[in-house]
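Residue strings, one per chain:
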Amino acid sequence: MKTNFVAELKWRGMLHDAMPGTEEHLMNEMQSAYVGIDPTADSLHIGHLVGVMMLRHFQLAGHKPYALIGGATGMIGDPSGKSAERNLLDEKTLRHNQDALKAQLSRFLDFSSDADNAAILVNNYDWMKDFSFLEFIRDVGKHITVNYMMAKDSVKKRLSSEAKEGMSFTEFTYQLVQGYDFLHLFKEHNCTLQMGGSDQWGNITTGTELIRRIGGGKGYALTCPLITKADGTKFGKTEGGNVWLDAERTSPYKFYQYWLNTSDEDAEKYIKIFTFIAKEEIEALVAEHKEVPHLRVLQKRLADEITVMVHSQEDLDNAVEASGILFGKSTAASLKKLNEKTFLDIFEGVPQAEVTMADVEEGLDMIGALAAKTNFLGSNGEARRELKQNSISVNKEKVKEDYVITKEDLINDKFVLLQRGKKNYFVILVK
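Residues numbered from 1 in each chain as written. Predicted model: local features only at pLDDT ≥ 70, side-chain atom pairs only at ≥ 80, totals over all residues. Heavy atoms only, no water.

K.L.:
Please set out the pairing of strand E2 (residues 32-37) residue by residue, giving values where relevant.
P.N.:
Summarising burial for E2: 5 of the 6 residues are buried, a large majority. For E2 and strand E3 (residues 64-69), the ladder comprises 6 bridges, and the chain directions are parallel. Pairing of Ile 37 across the sheet is with Ile 69, part of E3. You can see the chain leave E2, run along helix H3 (residues 49-60) and come back into E3, and the turn it takes is right-handed. Pairing analysis gives 4 bridges linking E2 to strand E5 (residues 191-197), with the strands arranged parallel. Considered in E5, the bridge of Tyr 34 is made with Gln 194. (Buried < 20%, exposed > 50% of the residue type's maximum accessible area, 1.4 Å probe, protein only. Helix = DSSP H or I, 4+ residues; strand = E, 2+ residues; numbered from the N terminus. Pairing = 2+ DSSP bridges. Right-handed = clockwise from strand over helix to strand, strands pointing away.)

K.L.:
Provide a residue-level description of the sheet that holds strand E11 (residues 392-394), including the pertinent values.
P.N.:
The strand order E9-E15-E14-E11-E12 describes an open sheet built from 5 strands, whose pairing is mixed. Looking at the sheet topology across the chains shown, the edges are occupied by strand E9 (352-355) and strand E12 (397-398).

K.L.:
With reference to specific residues and values, describe the pairing of strand E15 (residues 424-430).
P.N.:
Burial runs high along E15: 6 of the 7 residues are buried. Across 4 bridges, E9 lies against E15 in parallel orientation. Bridge pairing in E15 links Gln 352 to Val 427. Where strand E14 (residues 415-420) meets E15, 6 bridges bridge the pair, whose relative direction is antiparallel. Residue pairing for E15: Leu 417 is matched across the bridge by Val 427. Between E14 and E15, which pair antiparallel one after the other, the connecting turn spans 3 residues, and Gly 421 there sits at a positive phi close to 65°.

K.L.:
Just give me the short version of the UniProt feature "short sequence motif: 'HIGH' region" (unreviewed entry) in the protein chain, but keep the residues and values in it.
P.N.:
Per the UniProt record, "short sequence motif: 'HIGH' region" (unreviewed entry) is found at residues 39-48. Summarising residues 39-48: 0% helix, 0% strand, and an end-to-end C-alpha distance of 11 Å. (UniProt positions renumbered as here; feature names shortened; annotations may be inferred.)

K.L.:
Give me the domain arrangement of the protein chain: which residues, what numbers.
P.N.:
Domains assigned within the protein chain are domain 1 (5-224), domain 2 (237-329) and domain 3 (349-430). Measuring from the centre of the C-alpha atoms in domain 1 to the corresponding centre in domain 3 gives 55 Å. (Domains from an automatic or database assignment.)

K.L.:
Any details on the side chain of Asn 97? Residues and values, ideally.
P.N.:
Tracing the backbone shows Asn 97 in helix H4 (residues 91-105). In this structure Asn 97 touches Pro 39, Thr 40, Ala 41, Asp 42 and Leu 89, once residues within four positions along its chain are discounted. (Contact = heavy atoms within 4.5 Å.)

K.L.:
How would you sum up the pattern of salt bridges? Please name residues and give values.
P.N.:
Scanning the entire structure with this criterion turns up 21 salt bridges. Note that Asp 345 and Lys 254 form a salt bridge whose closest N and O atoms lie 3.8 Å from each other. One end of the pair, Asp 345, is in helix H18 (residues 340-346); the other, Lys 254, is in helix H12 (residues 252-260), with 91 residues separating them in the sequence. Classification of Asp 345 as buried rests on a relative accessible area of 11%. It is possible to trace a salt-bridge network through shared partners that takes in Glu 91, Arg 95 and Asp 126. (Salt bridge = Lys/Arg side-chain N within 4 Å of Asp/Glu carboxyl O.)

K.L.:
Now, about the layout of surface pockets: what can you tell me, with residues and values included?
P.N.:
When its volume is computed, the second largest pocket comes out at roughly 510 Å³. Of all elements in the fold, only strand E7 (237-238), strand E8 (241-242), H12, helix H13 (264-273) and H18 reach the threshold of two or more residues within the lining of the second largest pocket. Element by element, the count of residues in the lining of the second largest pocket is highest for H12, at 4 residues. Looking at side-chain class alone, the lining of the second largest pocket contains 6 nonpolar, 9 polar and 10 charged residues. (1 Å grid on protein atoms, 1.4 Å probe; cavity = no way out; pocket = protein on both sides within 12 Å on 5 of 7 lines; lining within 4 Å. Points joined across faces, edges and corners; volume = space filled by probe spheres on them. Nonpolar A, V, L, I, M, F, W, Y, C, P; charged D, E, K, R; others polar.)

K.L.:
Go over the UniProt feature "domain: Tyrosine--tRNA ligase SYY-like C-terminal" (unreviewed entry) in the protein chain, please, and point to the residues and values.
P.N.:
When the UniProt feature table is mapped onto this chain, "domain: Tyrosine--tRNA ligase SYY-like C-terminal" (unreviewed entry) is found at residues 345-428. From the first C-alpha to the last, residues 345-428 spans 15 Å; its make-up is 29% helix and 29% strand.

K.L.:
Tell me about the sheet that holds E2, and name the residues and values.
P.N.:
On the basis of which strands lie adjacent, the open sheet formed by 6 strands has the order E1-E6-E5-E2-E3-E4 and mixed pairing. The sheet is open, and its two edges are formed by strand E1 (17-18) and strand E4 (120-123), each paired on a single side. Relative to E4, E3 runs parallel, the two being bridged by 4 bridges. Note that in E4 the partner of Ile 69 across the bridge is Asn 123. Across the sheet, H4 lies against E2, E3 and E4, angled at about 160° from E4, the strand it touches most. (Axes fitted to C-alpha atoms, helices over the stretch in contact; angles between N-to-C directions.)

K.L.:
With reference to specific residues and values, describe the side chain of Asp 181.
P.N.:
For Asp 181, the location among the structural elements is in helix H10 (residues 174-189). Residue class for Asp 181 comes out buried when judged on its relative accessible area of 2%. Polar side-chain contacts of Asp 181 include one of 2.8 Å to the side chain of Asn 124. Setting aside chain neighbours within four positions, we find Asp 181 in contact with Tyr 34, Leu 68, Thr 73, Asn 124 and Trp 127. (Polar contact = N/O pair within 3.5 Å; in protein donor to acceptor, adjacent residues only side chain to side chain.)

K.L.:
Can you lay out unusual backbone geometry for me, pointing to particular residues and giving the numbers?
P.N.:
Backbone geometry at Asn 190 places phi at a positive 55°, although glycine is not the residue there. Turning to its location among the elements, Asn 190 is positioned in the loop between H10 and E5.

K.L.:
Pulling in residues and values, what's your account of helix H21 (residues 380-388)?
P.N.:
By the burial criterion, the buried members of H21 are Glu 382, Ala 383, Glu 386 and Leu 387. Down the axis of H21, the buried set is contained in an arc of 135°. They therefore lie on one face. Residues of H21 that are buried in the fold lie against helix H20 (366-372), E11 and E14. (Arc of directions from axis to C-beta.)

The following block contains the structure:
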């Protein structure tokens, strides 16, 4: 059953601009659209998610989505909003990245069913690799004037007096290569719509122009707003860099925490963009959140939904349990369930000291663990005082001076967590 894709994007705050006639075109019959994805890494990051969500909404509305891996364009570098060119990828790396990206996209898009609107993955390297330079400038370049290309905002910005560097010929021709992708998909797959971020408008409309001039047909363009954060910092970035969908690059715990720590204003915006929750339910969640903002209803629901979508219910359960560890709601058993990456993520920045495995095998007394061997506390006397006051925990469980740390206490066979009071943590690393 077809639904109104453009109307869905509008209420979700995911529509920036659309070429006149796009909505009507999509209401006629099943259509095909694509979004380009840069394959310079073997994982998507959350900056890619808006485009992926658009493709998913497109498929849910009864249309056929194409995910285009930009193998050829990824070798060039898109000038839109960028200041540096990209590195060349060899074909083996490109294919590895493509397979990894398809696996991640499969969590959002149906590639495998026999439905008419099953998603398809394509790579522009496949049709660009045998295209000679002379053929390209003869068959494509002659149809677009330099004046037309110079009028694009992405080009203007790079050529303006504020730009530190000029623009290479390679980057200048990027819009022709991207435009040719649209023409190719139009001719080979009857793909009539390209979607992307608002910074892609110029490149997309170059494609519609090529379809008009060479293909003798009509192409459409639709863009979403570039996602921003209310405090002006960059969406999708942390001090450690990108927030990735790959659990090896960004642990599910850190992924969950990123969404959980969203501001109220951003959470209200993001829950429409990054979940498939229906309008009425979102409105109810927003109203509930405004009544009791300290309960962070929106942030919790947003983090829950997107963590299950990208990872799994089990990963979410583990992330929620791990999130409780810093706030006292945990036991030694829950600590021991953590994998090493999650443990280190939770206690990032907490001071550490090393002891030998021999120390632990012999039995590490509490005075040694707190002072002599680690310097967590300033002196043996201070260690004794804190133990007498019952303020010391090993792996979240209170201990007395006669407690001895053994191999049984090790988390992941290498860590012991010490704690003084509620907030002072210390990690012993056993080597």
